[in-house]
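# Analysis of the macromolecular model
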Protein chains: 4
Amino acid sequence: MCTAATYKTNDFYFGRTLDYESSYGEEIVIMPRNFPLNFVNMGRIATHYAVIGTAHVAQDYPLFYDAANEKGLAMAGLNFVGNAFYRDDIDGRDNVAQFEFIPWILCQCANVTEARTLIEKINITKTQFSPQMPAGQLHWIIADKNDCIVVESVKEGINVYDDPVGVLTNNPTFDMQMFRLNDFRGLSPKQPENTFSDKLDLTSYSRGMGAMGLPGDLSSQSRFVRAAFVKMNSRSAPDEQSSVSQFFHILNSVDQQRGCCEVAESKYEITIYTSCCNTEKGIYYYTTYNGHQISAVDMHKEDLDSAKLIAYPMITNEIINFQN
Amino acid sequence: MCTAATYKTNDFYFGRTLDYESSYGEEIVIMPRNFPLNFVNMGRIATHYAVIGTAHVAQDYPLFYDAANEKGLAMAGLNFVGNAFYRDDIDGRDNVAQFEFIPWILCQCANVTEARTLIEKINITKTQFSPQMPAGQLHWIIADKNDCIVVESVKEGINVYDDPVGVLTNNPTFDMQMFRLNDFRGLSPKQPENTFSDKLDLTSYSRGMGAMGLPGDLSSQSRFVRAAFVKMNSRSAPDEQSSVSQFFHILNSVDQQRGCCEVAESKYEITIYTSCCNTEKGIYYYTTYNGHQISAVDMHKEDLDSAKLIAYPMITNEIINFQN
Amino acid sequence: MCTAATYKTNDFYFGRTLDYESSYGEEIVIMPRNFPLNFVNMGRIATHYAVIGTAHVAQDYPLFYDAANEKGLAMAGLNFVGNAFYRDDIDGRDNVAQFEFIPWILCQCANVTEARTLIEKINITKTQFSPQMPAGQLHWIIADKNDCIVVESVKEGINVYDDPVGVLTNNPTFDMQMFRLNDFRGLSPKQPENTFSDKLDLTSYSRGMGAMGLPGDLSSQSRFVRAAFVKMNSRSAPDEQSSVSQFFHILNSVDQQRGCCEVAESKYEITIYTSCCNTEKGIYYYTTYNGHQISAVDMHKEDLDSAKLIAYPMITNEIINFQN
Amino acid sequence: MCTAATYKTNDFYFGRTLDYESSYGEEIVIMPRNFPLNFVNMGRIATHYAVIGTAHVAQDYPLFYDAANEKGLAMAGLNFVGNAFYRDDIDGRDNVAQFEFIPWILCQCANVTEARTLIEKINITKTQFSPQMPAGQLHWIIADKNDCIVVESVKEGINVYDDPVGVLTNNPTFDMQMFRLNDFRGLSPKQPENTFSDKLDLTSYSRGMGAMGLPGDLSSQSRFVRAAFVKMNSRSAPDEQSSVSQFFHILNSVDQQRGCCEVAESKYEITIYTSCCNTEKGIYYYTTYNGHQISAVDMHKEDLDSAKLIAYPMITNEIINFQN
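Residues numbered from 1 in each chain as written. Chains lettered and ligands numbered in written order. Predicted model: local features only at pLDDT ≥ 70, side-chain atom pairs only at ≥ 80, totals over all residues. Heavy atoms only, no water.

Under an unreviewed UniProt entry, the name given to chain A is choloylglycine hydrolase, and the source organism is Hominimerdicola aceti. Quoted verbatim from the Pathway (unreviewed entry) field of UniProt, the annotation for chain A is "Lipid metabolism; bile acid biosynthesis." (UniProt positions renumbered as here; feature names shortened; annotations may be inferred.)

A word on the sheet that holds strand E14 (residues 167-168) of chain A. Across a sheet, strands are paired by hydrogen bonds formed along the backbone, either parallel or antiparallel in direction. Here we have 7 strands laid out as an open sheet, ordered E14(A)-E1(A)-E2(A)-E17(A)-E18(A)-E19(A)-E21(B), and mixed in their pairing. The open sheet has two free edges, formed respectively by E14 of chain A together with strand E21 (321-322) of chain B, since each of these has just one partner strand. Pairing geometry for strand E1 (residues 2-8) of chain A and strand E2 (residues 12-20) of chain A, over 7 bridges, is antiparallel. By the bridge assignment, Ala5(A) is partnered in E2(A) with Gly15(A). (Pairing = 2+ DSSP bridges. Helix = DSSP H or I, 4+ residues; strand = E, 2+ residues; numbered from the N terminus.)

Here we take up the relation of the copies chain A and chain C. Rotating chain A by 180° and moving it 0.0 Å along the rotation axis overlays it on chain C with an RMSD of 0.0 Å. Both copies are brought into coincidence by an operation consistent with a two-fold rotation axis. In terms of proximity to the rotation axis, the leading residue of chain A is Met176(A), whose C-alpha is 3.6 Å off the axis. Interface overlap between copies is the fraction of interface residues in one copy that are interface residues in the other; for chain A against chain C it reaches 80%, indicating a shared surface. (Least-squares fit on C-alpha atoms with pLDDT ≥ 70 in both. Contact = heavy atoms within 4.5 Å.)

Turning our eyes to something else, we now look at the UniProt feature "domain: Choloylglycine hydrolase/NAAA C-terminal" (unreviewed entry) in chain A. Following the UniProt record, one finds the feature "domain: Choloylglycine hydrolase/NAAA C-terminal" (unreviewed entry) at residues 2-312 of chain A. End C-alpha to end C-alpha, residues 2-312 of chain A measures 22 Å, and it is 17% helix and 35% strand.

Attention now goes to the environment of Val150(A). All names here are of chain A. Relative to the elements of secondary structure, Val150 occurs in strand E12 (residues 148-154). When the C-alpha atoms of Val150 and Leu168 are compared, they prove to be 7.8 Å apart, with 18 residues separating the residues in sequence. Those residues within four positions of Val150 in sequence are excluded, and the remaining contacts are His139, Trp140, Ile141, Asn159, Val160, Tyr161, Asp163, Leu168 and Phe174.

The subject of this paragraph is the sheet that holds strand E18 (residues 283-288) of chain D. If you trace the 7 strands from one edge of the open sheet to the other, you get E21(C)-E19(D)-E18(D)-E17(D)-E2(D)-E1(D)-E14(D), paired in mixed fashion. Looking along the sheet, the strands with just one partner apiece sit at the ends: strand E21 (321-322) of chain C together with strand E14 (167-168) of chain D. Sheet topology places strand E2 (residues 12-20) of chain D next to strand E17 (residues 270-278) of chain D; 6 bridges connect them, and they run antiparallel. When the bridges of E17(D) are listed, Phe14(D) appears paired with Cys277(D).

Before going further, it helps to examine the interface of chain A and chain C. Residue-level contacts link 5 residues of chain A with 4 residues of chain C. Buried area between chain A and chain C, summed over both chains or domains, comes out near 500 Å², and the portion from carbon and sulfur atoms is 79%. Considering only the side of chain A, the residues that lose the most area to chain C are Met176(A), Phe179(A) and Arg180(A), jointly responsible for 76% of the buried surface there. For the interface between chain A and chain C, the tally reads 0 residue pairs in polar contact (both at pLDDT 80 or more). Residue composition of the side of chain A that touches chain C, by class: 3 nonpolar, no polar and 2 charged. (Buried area = accessible area lost by both parts, 1.4 Å probe. Polar contact = N/O pair within 3.5 Å; in protein donor to acceptor, adjacent residues only side chain to side chain. Nonpolar A, V, L, I, M, F, W, Y, C, P; charged D, E, K, R; others polar.)

Here the focus is the packing of aromatic side chains. Overall, the coordinates contain 52 aromatic pairs over all chains when judged by the stated rule. Measuring from centroid to centroid gives 5.5 Å for Tyr61(C) and Phe129(C), while their planes differ by 40°, and the two rings are tilted. Taken as a pair, Tyr61(C) in strand E7 (residues 61-69) and Phe129(C) in the loop between strand E10 (122-125) and strand E11 (138-143) lie far apart in primary sequence, 68 residues in all. By relative accessible area, which is 11% here, Tyr61(C) ends up buried. A relative accessible area of 17% means that Phe129(C) is categorised as buried. When the centroid spacing of 4.7 Å and the interplanar angle of 90° are considered together, the rings of Phe101(D) and Trp140(D) count as edge-to-face. (Phe/Tyr/Trp six-rings, centres within 6.5 Å; stacked < 30°, edge-to-face > 60°. Buried < 20%, exposed > 50% of the residue type's maximum accessible area, 1.4 Å probe, protein only.)

Residue and element names in this part refer to chain A. Where burial is concerned, the two faces of strand E9 (residues 94-97) agree: the one with Asp94 and Val96 and the one with Asn95 and Ala97 are both buried. As judged from the 4 bridges shared by E9 and strand E10 (residues 122-125), these two strands associate in the parallel manner. When the bridges of E10 are listed, Asn95 appears paired with Asn123.

Contact residues are listed per partner, giving 76 residues for chain B and 77 residues for chain A. The junction of chain B with chain A conceals about 6500 Å² of combined surface from both sides, 50% of it contributed by carbon and sulfur atoms. When residues of chain B are sorted by the area they lose upon contact with chain A, Arg207(B), Gln323(B) and Asn324(B) head the list and together hold 13% of the total. For the pair chain B and chain A, the interface holds 6 salt bridges. With a closest N to O distance of 3.2 Å, Glu262(B) and Lys190(A) form a salt bridge. Taken together, the links from chain B to chain A amount to 56 residue pairs in polar contact (both at pLDDT 80 or more). Looking at the side of chain B that touches chain A, the elements that each hand over two or more residues are helix H4 (220-233), helix H5 (240-252), strand E15 (262-264), strand E18 (283-288), strand E19 (291-298), strand E20 (310-313) and E21 of chain B. Taken together, the residues of the side of chain B that touches chain A break down into 31 nonpolar, 30 polar and 15 charged. (Salt bridge = Lys/Arg side-chain N within 4 Å of Asp/Glu carboxyl O.)

And the structure:
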């Protein structure tokens, strides 16, 4: 499935893993300010914030997986199979198709507060992008440097949750994911005291025993707990290199290795890519399963007033630095 | 602490993480065939197998952390604090100082079978490399493409264990580490069947639930179990890029993120470097905490008949591939 | 806190533990058919089903903890601190005070279906029994031999859940308790197969390894999972003695031992009593912390047409059967 | 399998569960001082300490499962399948058959110190009691009010371990069982502090969260950890009733419920009996699976100078105390 995370040092970083058994063909896409957006029900937006992210481009339309705009607002859609529920159009609501939700927010909102306002009026519809592409079942994390929310469209309606952890995975619903953290409140980066019994001489035979009980499997609830622990306890210098490096270490804690999650006979889910966007500088960093080197695309090196999508292929092979 | 692992596809790969709160200054070192080795008690070996690995070089002597020789035999020393026990010299034994053990084996043995023979006669002594450098408390993993053993010098003597997993971490002793795997025999990369109760409709709400119970913390026993599960279930194409990539994914499963293992006030153990040596081709790949790109040194690009150490600095900063 | 459970063999059994750090003075109480009940808002019920259960009697009113009526419907209230929410009176609803809920249902309903109908109209109010006795924060399990539900009055309203497990503990809400069972779907009374790796010889070193991962602590979620596993896998002969014995074994799996749950300095929560009512025969069995022998009160040995409460003291000391 | 435990208040208590899928016919047996004991290799002991315990009597010989002598020394044999190793007779050693070990110690030793001395010279032999009764694979716990040891006869020899917990179950070997407790040193009867992250508001939604992580299954290692936690944290008044009651609560924490441990198609291991001997008063208390009332036999009510075994049948049915 997938994991999204945020991280704040001098700048604000936002990224995610995309975990799946096959790729749809992703690219690093910059959507400049004048790229025209025609919404199914919401009319045309001719000029908007520039956006950078990973997208599958179909019919010249960027189907964003995760992205950030030039104001520092970022957003990602993650699988939410079985819980996501989208509706038909409803009169009096902003009827935004599921596939339009990321551009709808990122084109218009400079921060989470503005996004919340838009979401109050929204109805996320089941309208498909094309007959061949059924609506993915997703929920979304939206974050800026000050705030983070999760948006879930379920049978009961649209739920907007504060996300104090800045992490999102998949099922179950976000309130239940958060609640589970209570079970791990006694975990710590420090060695545990012996509170089992003061009459027994129980030793710390290894460093790192304070997080014993932290789940190590690849299920979505376990990835949520693990990424939350690593993120909340992460330390790094605040400069760009240290922050970006640390961010990839956070998401590496939920890396899906080929072979460990069999989804069908001899089909394995893996972490196809991992992204880390410096949302303030507009630089989109990423690695791929077979591309350990960090690659990057800087939106501000492009003409952001253009009307055309700019796309860079994702580097999916190892570029090895031979020292001799 | 540290984790070592092996992986076999077309070639045989051997590597490790070095986890610690500070670095002693490591380099990628090639010890050519004619670099003279003067052992404390075992005389001089003037000509030997060439060796490549990571070492701290002191007084022109390579103190190897992990290394492989040109015959494909590889070896690494990992922390074993509290259990390691070295002796004074014993008459009639091969008295090899703790710091000489890796060169002693890799210079003379073409495979694990030969290493076993040498170890039958060995006494690992507490002799220090220098007064300033007390003997580290270590145990060792030795592997070739067919076999893997763990060597532990403890109070009771020297124990040599078969290591069918090809993984080693730190405490407790290897037999206990292995025994713990029994507790996880029901884990699987596949979704679990509902055996809790056939009267309840319990759902698989996420992919990857088959390994629920796998420990996610950084203690040595938990890293052993996790690395064992990932390694034993790893799948990759057998070519060099796929194998090397998969190897780093295996060891990334036990990556130590800065902040998650506090060893003293505001001091954190991290994965300083991760190595992966193609022991058949003599290529030593590695990454560092702030160096996600895979770097490499190829021993066969050097003059292996030389008498001088060849050293390459470890690249410890991010080399980012900007696509624009 | 507390755990309730049901069990069905030839007859239907319903019971609970009461876990707390002190007792309010409980008795085994039979409320005969003509004991007059004056509800705060719902008028007087002069004749009703006879009821047996454990209650604290105050001002000649039975404040039932758990009870069953002569028709075989049973009900228990369990702590639900922080989630329970009771309202002021609401026009047009059946305004039943929290402390009246058990008699309201058991006096009028012959089965869960009838209880569901009454609950559709109910508003559970915060009216106190007396100024000195604030309303306990509870949720309820209601069961007959065919059906089992959980009723929770929370901020959002009144939720009625099907309870296919027939177990209830405390927090969190019942839907979340049930969802957690999914995480344990791979547990089993049988030994697990080795699915970790077919290349490793992992042994079953002990019987009973199939339920590894089952939580053993006293928190409410862990007790729910453990009691659910034991109950769903329980086997016994269908006769009275075997069924009653097995029922106490089920609830013993969540017994709270003095010392293991410290709720304040040197104050410990313990299992004050454990009950098991044969709801078809009207026999109420129980044990207490210091009373391991099963005691029993049979409602049908009393005059059930009486207008007066009948009470038996709870036996709270060990009656030891000395054989010599 | 089985669990043994000790408990000390004013007096010293020793007992065990016997967990198995079928019974061999156990009785409460008193072996008076003049019951003659003819050892296979060690000659005849005509007069000895009186002993009380549970035994299967065959050919007028008490095959004790657990017992205590009139001096307050107690001993129990527990399954140790796969690890137990008994030898042929060895010249110069005290060759004691496996089935004679309990009487050998309890007849001659007044305390653990004396038992240690005898064990220094012992060789536990594989001699069978009869051709039809192969030697059980056992290890033993021996305790008095001041000391507790575990004795294991394995391939490497006889190991005597201090047992500071006063608990024994089955596999693996005792040193490994004890080592595992280190993993649980952070558990506590108190609520855990939130050390996960001081930036998250993680709540204690239930009492008893301090022991989260305690295993709840029936495997021998999990029972050891659970019984150790309950025993080490147990609190009770020091009088006889409170102590005996608490003791049964300790062992109830590892009760095996019928259905939860399937050892063969439709065959289930259960806790056949649970014993608790006041070793100072010579009173042997016990319960059985279908006998929740505590029964007792007092050795000092018998003629301890007799030469004949005294046996009381185990009460295996519920004696229910009907209050009306």
